[in-house]
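Reading the structure
The lines below spell out each chain.
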Amino acid sequence: MSVADELLKANETFARNFKLGELSVRPKRHVAVLACMDSRILFEHCLGLHPGDAHMIRNAGGIATDDALRSLIVSHHLLDTQEFIIINHTDCGLLKVKEYELRAKLAEKMGVVASEPAHFHAFDDLEANVRQQIERVKSHPWIPKHIPVRGFVYDVKTGKLTEVEPK
Ligand SMILES: [Zn+2]
């Protein structure tokens, strides 16, 4: 049985007891969270969020990529979120690699170079990286200036969030 089959089986149980069919498409707490995809962190749990509460946008690193910005813009303009939160975390996979080394390694492993993705967004300073993502979001012309954009570091050893203050 592949993992996908196991997941399908779990879904059968889930669907049998399903009670969330009436939730609104608009997040009840009017908040969108952009965070890393790290498997150790279930952000809904660590932020006290329930289905229907918030938009969760996740990618490797918790980076305000073009696609993450697309989601945040949709989140605010179409679905009425009024606050954004960005979370990076300690021991992130992207903290341990260098952009050019990763690219070279992949080209060697696969025997071919690739132009996409243009960036892996590897980084070596966690707090600086969070600040950079806040800046990317805040400076987008389609994200209104009144939307608060706050950034945090999640510690995978303690489960605690620490706010990254703007410089
Ligand atoms: Zn990560």
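Anything mentioned here points back to the structure above.
Report on the accompanying structure. Along each chain, numbering runs from 1 in the same order as the chain's sequence is written. A pLDDT threshold of at least 70 governs which residues receive local features in this predicted model, and a stricter bar of 80 or more applies before side-chain atom pairs are shown or counted, although totals over entire chains, interfaces and linings include all residues. To obtain the side-chain values, all non-hydrogen atoms of the structure were included, while hydrogens and water were left out.

It is worth spelling out the coordination of the zinc ion at this point. Octahedral metal centres with six donors ideally show angles of 90 or 180 degrees, and tetrahedral centres with four donors ideally show 109.5 degrees. Distances define the donors: N, O and S atoms within 2.8 Å of the metal qualify, as do those within 3.2 Å of Na, K or Ca. Water is excluded, so some sites may look unfinished. Around the zinc ion, the protein contributes the donor atoms C36 (SG), H89 (NE2) and C92 (SG), which lie 2.0 to 2.3 Å from the metal centre. Each donor residue of the zinc ion belongs to the same chain, with the gaps between them written as C-x52-H-x2-C. For the pair shown, H89 and C92 are each scored as buried. Remark: exposure states derive from per-residue accessible area (1.4 Å probe, protein chains only) relative to the maximum for the residue type, with buried under 20%, exposed over 50%, and partly exposed in between.

This brings us to the pattern of salt bridges. Just to be clear on terms, a salt bridge is a Lys or Arg side-chain nitrogen sitting within 4 Å of an Asp or Glu carboxyl oxygen. Considering all chains together, one arrives at seven salt bridges under this definition. Where D53 meets R29, a salt bridge forms, and the shortest distance between an N and an O atom there is 3.6 Å. Of this pair, D53 sits in the loop between α2 (43-47) and β2 (54-59) while R29 sits in the loop between α1 (3-16) and β1 (31-36), and the two are 24 residues apart along the sequence. We classify D53 as buried; its relative accessible area is 4%. Across the pair D38 and R40 runs a salt bridge, and its minimum N-O distance is 2.8 Å. By relative accessible area, D38 is classed as buried at 12%. Each of D38, R40, D91 and K96 takes part in one network of salt bridges that share partners. Only DSSP runs of H or I reaching four residues or more are called helices, and only runs of E reaching two or more are called strands; each is numbered from the N terminus.

A word on the sheet that holds strand β3 (residues 83-89). When DSSP locates at least two bridges between a pair of strands, those strands are taken to pair. If you trace the five strands from one edge of the open sheet to the other, you get β2-β1-β3-β4-β5, paired in mixed fashion. Edge positions in the sheet fall to β2 and β5 (161-164), since each has one partner strand and no second. Adjacent strand axes in the sheet meet at a mean angle of 25°, parallel and antiparallel pairs treated alike. Bridge count between β1 and β3: five bridges; the pairing is parallel. Directly across from V31, in β3, lies its bridge partner E83. Contacting β1, β2 and β3, helix α3 (residues 66-79) runs over the sheet at an angle of about 170° to β2. Any two residues whose heavy atoms approach within 4.5 Å are treated as being in contact. Axis definition: a line fitted to C-alpha atoms, over the contacting stretch in the case of helices. Angles run 0 to 180 degrees between N-to-C directions. Contacts from helix α5 (residues 126-138) reach β3, β4 (149-154) and β5 within the one sheet, and its direction differs from that of β4 by about 155°.

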